[in-house]
Amino acid sequence: MGAHFECTDRPSIGLAWSTGVSPQILSEPDLIDHLEISFEQIVKSPKVLELKKTRPIILHCASLSMAGFIDPPGKTIENVLKAVADTETPWLGEHLAFISAAPHEESGDPVNIGFTMSPQLNIQTLERVSQNIDGLRSKLNVPLLLENPPQYFSMRGSTMNMPEFVAEMCRRNQVDLLIDLTHLFIAAKNIGWNAFEALEMWPLERVVEVHISGASRAEGKWWDNHAAAAPEPVFDLLEFLLKRSRPRAITLEYNWAPSIPVSFMCEQVSRIRASL
Amino acid sequence: MNQNENAPTAHGMVVRILSEILDLGKVCSELEQAAFDTGLDFRDLAQLAGFLTQVRNTPVRQDIPWTFAAMQLCGVDLALFRDYAPTFAAGRIRGFDTPLGRTTTLTGFLLDRLDRLVPEQSLVHDVLTHEMTVRELRTIGNNDRPFPSASSTEGAVTGLSVPILSDYVRLHQLDYDPIAFARAYLIEGSGMLKPKYALDGPGNLEHLERRSRIFLWQRVDAQLADKTGQMTVETLELDPQAGFLLNKLDGRRTVDDIAADISDESSRCDVLNSLVEFYTYTTSQQLTVVYPCQG
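Everything quoted here is computed from the prediction, not taken from an experiment. The written sequence of each chain sets the order in which its residues are numbered from 1. Following the order in which they are written, the chains are lettered starting with A and the ligands numbered starting with 1. In keeping with the predicted nature of the model, local features appear solely for residues at pLDDT of at least 70, side-chain atom pairs appear and are counted solely at 80 or more, and the whole-chain, interface and lining totals rest on all residues. The side-chain numbers reported here are obtained from all heavy atoms of the structure, hydrogens and water having been left aside.

1. With respect to the overall build of chain B
Strands are runs of DSSP state E lasting at least 2 residues, helices are runs of H or I lasting at least 4, and numbering of each runs from the N terminus. Across its full length, chain B carries 12 helices and 5 strands. Throughout, a contact is declared for two residues whenever any of their heavy atoms are within 4.5 Å. Pairs at least 24 apart in sequence give 72% of the contacts found in chain B among residues at least 6 apart. Throughout, the Shrake-Rupley method with a 1.4 Å probe supplies accessible areas, and for residues the shown protein chains are the sole cover considered. When the accessible area of chain B is evaluated, it comes to approximately 13,900 Å², of which 49% is carbon and sulfur surface.

2. Examining the overall build of chain A
Along chain A, the regular secondary structure elements total 9 helices and 12 strands. Relative to its length of 276 residues, chain A is compact, with a C-alpha radius of gyration of 18 Å against a globular reference of 19 Å. Its C-alpha atoms give chain A principal-axis dimensions of roughly 55 × 40 × 35 Å. Classification of residues uses two cut-offs on accessible area relative to the type maximum, computed with a 1.4 Å probe and protein chains only: under 20% is buried, over 50% is exposed, and between them is partly exposed. The buried share of chain A, reckoned over its 276 residues, is 62%. Relative to all contacts within chain A whose residues are 6 or more apart in sequence, the contacts with residues 24 or more apart total 74%. Carbon and sulfur atoms provide 49% of the accessible area of chain A, an area that totals close to 10,800 Å². Positive and negative charge centroids in chain A, built from 24 and 34 side chains respectively, lie 1 Å apart. Our radius of gyration is a C-alpha quantity, and the globule rule it is checked against amounts to 2.2 Å times the number of residues to the power 0.38. In this count, Lys and Arg are taken as positive residues and Asp and Glu as negative ones, while His and the chain termini are left out. By convention, the point assigned to a charge is CZ for Arg, NZ for Lys, CD for Glu and CG for Asp.

3. As for the nonpolar core
Nonpolar cores were defined as sets of buried Ala, Val, Leu, Ile, Met, Phe, Trp, Tyr and Cys residues, with membership established by side-chain atoms within 4.5 Å. By size, the foremost hydrophobic cluster in this structure holds 115 residues, and its most contacted members are Met169, Leu181, Ile212 and Ile260 of chain A together with Phe51 of chain B. Those residues in contact with Phe51 of chain B, other than ones at most four positions away along the chain, are Phe115, Tyr152, Trp223, Asp224 and Trp256 of chain A together with Leu78 of chain B. With 32 residues, the next largest nonpolar core counts Phe81, Phe88, Leu114 and Ala182 of chain B among its residues.

4. Topic: the sheet that holds strand 4 (residues 92–95) of chain A
Across a sheet, paired strands are connected by hydrogen bonds in the backbone, their directions being either parallel or antiparallel. All names here are of chain A. Taken in spatial order, the 8 strands of this closed barrel run 1-2-3-4-7-8-9-12, and their pairing is parallel. Taken over all neighbouring pairs, the strand axes of this sheet differ in orientation by 30 degrees on average, direction set aside. Think of it this way: DSSP has to see at least two bridges between two strands before they count as a pair. Across 4 bridges, strand 1 (residues 12–16) lies against strand 12 (residues 249–252) in parallel orientation. Each residue of the ladder has a partner; that of Ser12, found in strand 12, is Ala249. In this analysis, axes come from line fits to C-alpha atoms, helices being fitted only over the stretch in contact, and the angle between any two N-to-C directions falls in the range 0 to 180 degrees.

5. Focus on the interface of chain B and chain A
At the interface, 45 residues of chain B touch 51 residues of chain A. When the two sides are added together, the surface that chain B and chain A hide from each other amounts to roughly 4,100 Å², 67% of it contributed by carbon and sulfur. Salt bridges are counted wherever a side-chain nitrogen of Lys or Arg sits within 4 Å of a carboxyl oxygen of Asp or Glu. Where chain B meets chain A, there are 2 salt bridges. Residue Asp44 of chain B is joined to Lys221 of chain A by a salt bridge in which the shortest nitrogen-to-oxygen separation is 3.0 Å. Pairs of N or O atoms are called polar contacts if they sit within 3.5 Å, as long as, within protein, a hydrogen donor faces a hydrogen acceptor (for residues adjacent in sequence, only side-chain-to-side-chain pairs). Linking chain B with chain A are 14 residue pairs in polar contact (both at pLDDT 80 or more). When residues in the side of chain B that touches chain A are grouped by element, the largest group, 11 residues, is from helix 1 (residues 7–24) of chain B. Summed over both partners, the accessible area lost on bringing two parts together, with a 1.4 Å probe, is the buried area.

6. Concerning unusual backbone geometry
In terms of backbone geometry, most residues other than glycine have negative phi values and most peptide bonds are trans. Residues and elements named next belong to chain A. One non-glycine residue, Ser65, adopts positive backbone phi at about 50 degrees. Along the chain, the position of Ser65 falls in the loop between strand 3 (57–61) and helix 3 (74–87). On the basis of relative accessible area, Ser65 is assigned to the buried category, the value being 3%. Despite not being glycine, Glu88 shows a phi value in the positive range, around 55 degrees.

7. Points about the pattern of salt bridges
Side chains that carry opposite charge are capable of pairing whenever their charged atoms lie near each other. All names here are of chain A. With the rule as written, the count across this model stands at 17 salt bridges over all chains. Put simply, Lys75 and Glu78 hold a salt bridge, and the shortest N to O gap is 3.5 Å. With Lys75 and Glu78 both in helix 3, this residue pair falls 3 residues apart, about one helical turn. Owing to a relative accessible area of 47%, Glu78 belongs among the partly exposed residues under this scheme.

8. Some details on the packing of aromatic side chains
Each aromatic pair joins two rings of Phe, Tyr and Trp (for Trp, the six-membered one) with centres within 6.5 Å, and gets the label stacked for planes under 30 degrees apart, edge-to-face for over 60, and tilted for any other angle. As enumerated under the stated definition, the model contains 13 aromatic pairs over all chains in all. Ring plane angle 55 degrees and centroid distance 5.3 Å describe the contact between Tyr152 of chain A and Phe51 of chain B, whose orientation is recorded as tilted. Of the two residues, Tyr152 of chain A is situated in the loop between strand 7 (144–147) and helix 5 (162–172) and Phe51 of chain B in helix 3 (residues 42–56); the pairing between them involves two chains. A relative accessible area of 2% places Phe51 of chain B in the buried class. Ring centres of Phe196 of chain A and Phe240 of chain A lie 5.1 Å apart, and the angle between their planes is 75 degrees; on these two criteria the pair is classed as edge-to-face. Taken together, the residues span a long stretch of sequence, with Phe196 of chain A in helix 7 (residues 195–201) and Phe240 of chain A in helix 8 (residues 232–242) at a distance of 44 residues. For a Lys NZ or an Arg CZ to count as sitting over a ring, it must be within 6 Å of the ring centre and within 35 degrees of the ring normal. The lysine or arginine in question, Arg244 of chain A, covers the ring of Phe240 of chain A, its NZ or CZ lying 3.5 Å from the ring centre. Just above the ring of Phe235 of chain A sits the side chain of Arg271 of chain A; from NZ or CZ to the centre is 4.3 Å.

9. As for the confidence of the model for chain B
Caution is warranted with low-pLDDT regions, since their predicted coordinates should not be read in detail. All names here are of chain B. When pLDDT is averaged along chain B, the result is 78; 74% of the residues meet or exceed 70. Along the chain, pLDDT gives the predictor's confidence residue by residue, from 0 to 100. For residues 149–153, every residue scores under 50 in pLDDT, and the model assigns this stretch 6 contacts once sequence neighbours within four places are set aside. Taken over the whole predicted complex, pTM reads 0.88, whereas the ipTM for its chain interfaces reads 0.93.

10. Some thoughts on the pairing of strand 4 of chain A
Working note: regular strand, side chains alternate between the two faces of the sheet. All names here are of chain A. Taking every second residue as pointing to the same face, both faces of strand 4 are buried, with Leu92 and Glu94 on one and Gly93 and His95 on the other. Examined bridge by bridge, strand 3 and strand 4 share 3 bridges and lie parallel to one another. Bridge assignment links His60 to a residue of strand 4, and that residue is Gly93. By convention, orient the strands away from the viewer: a clockwise path from the first strand over the helix to the second makes the crossover right-handed. After leaving strand 3, the chain enters helix 3 and then returns to the sheet as strand 4, a path that is right-handed.

11. Overview of the state of the cysteines
A pair of cysteine sulfur atoms is labelled a disulfide when the two atoms are within 2.5 Å. Per the counting criterion, the structure on display carries 0 disulfides over all chains. Among the cysteines around Cys61 of chain A, which has no disulfide bond, Cys170 of chain A carries the closest sulfur, lying 19 Å off.

12. What to know about the side chain of His125 of chain B
Here His125 of chain B is to be found in helix 7 (residues 119–139). If we ignore the near neighbours within four places in the chain, the residues touching His125 of chain B are Leu111, Leu114 and Arg116 of chain B.

13. Considering helix 5 (residues 77–94) of chain B
A helix is expected to span 1.5 Å for every residue after the first. With 18 residues, helix 5 of chain B ought to run about 26 Å at 1.5 Å a step, and its terminal C-alpha atoms sit 24 Å apart, in line with that. Two axes define the bend at a residue: one fitted to the seven residues ending there, one fitted to the seven starting there, and the bend is the angle between them. A maximum bend of about 45 degrees is found in helix 5 of chain B at Ala85 of chain B, where proline Pro86 of chain B lies one to four positions downstream. Those residues of helix 5 of chain B that fall on the buried side of the exposure criterion are Asp77, Leu78, Ala79, Leu80, Phe81, Tyr84, Ala85, Phe88, Ala89 and Gly91 of chain B. Those residues of helix 5 of chain B that are buried lie in contact with strand 10 (214–218) and strand 11 (221–225) of chain A together with helix 1, helix 3, helix 4 (65–73) and helix 6 (99–113) of chain B. Just beyond helix 5 of chain B, the residue with positive phi is Gly95 of chain B, at close to 90 degrees.

Structure follows, in structure tokens:
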């Protein structure tokens, strides 16, 4: 038996699990309500499931290539479904991105880069996303949330920007949203649109979970950085979002940091609570 | 559907190019042409390969967290990891022997690649030197003493005595102060950049500069190991003359040899000041020097 995710008026505040999460953070009363564990962590080390004894688990995934044109291996889907059952997660969060593609040579296997990437943003991709959502949802017994990816460049062949793409994806599919505010900030800065206006284009009543992490700048672009503190504009986006939406969970993702100071976590959680 | 929409082809090319750079260590004009033919900008993909190489090295952050933060602060992380991608790919193909193998491969690359004449790269170099030195001193075994123990020091000191350091120490000449870097930019020395700097970058690094200063790292006694069981390493800042003197203590030079060296250097250094500083360190138990009698 483990801790269960409970529905309350107040969003659950959690932290992505990593070795940088110290026992002190976990023993701190009233600090962390839930832990995010990735499917890939479970594959690598099934022992992480023991964390279920300490906090409710939200399962996150980066293996299903929801905006890709290559189906994930059947075994992967089978293992994801098992992880859903093992963690008792209230929903499954996955990226609106692709990680694999057809082989370069006809005889080869599909190539998996192991990292989610923003797709070409157009109707062709949206149609494929809808197929992938339908295919997965027929097997999944918890809600599926799709997460906006960070965008580092605009891929030629795109006929819409990310705000339009997500809005159209929501119009075509009854799917809930996981909004990563740092990804939103990064994409808006790199491509040149307004992140607040993007939020206004999306059906915010469907936002179930929010992610917050760091970002850093190099070579004229913004980059996802789970080892840096979230920049101020990300908290501005959070305040804006919380005035229009009531997500069930807010998850801090600092899982690249070698260690996360307890005082820093206290400050971050206080900050979020003050925005509620 | 718009006739320019070629998502399966474009996705395939993105994955192929990244895979060839990241998994096979290839960077060649053929890939550039293939990207161009698919309507992709190879520079975007090369940047992304640098970013992904950095992400794949996340476990190394445990060993050199401040160095990662310094690279990020200075905005040089992407370029360094982009250049490191072929080396890292080769290491993965060969199979890193141990988790430490990843760290030593990266640190070796960085020390070779960083240009100390460029301020930002010099800061990263000095922070890396600090972290590697601390790590080395913390992991030295108690039986690896480079010199005889202090118990062999009885007897009168003569010009033929060989002064030695009884502690584990290392000396490096740095341009920037790694401790000051951590205090200024990191959250409780954790390796996480303070929010302001994650957003703004470093600005001016002059406040961290320690031109012509020498740093000394000293492992303190095993009984003083910290609560995690790791050896504590203290860092001192020396003036160049004290550094010069300490560098002479190599376990071979006699008191007479060192006196002669000081004499040779006297036109270039303040010997009196050096001796005072040297005396201060050796008597304040920050550093113990013993003089085994040569019979």
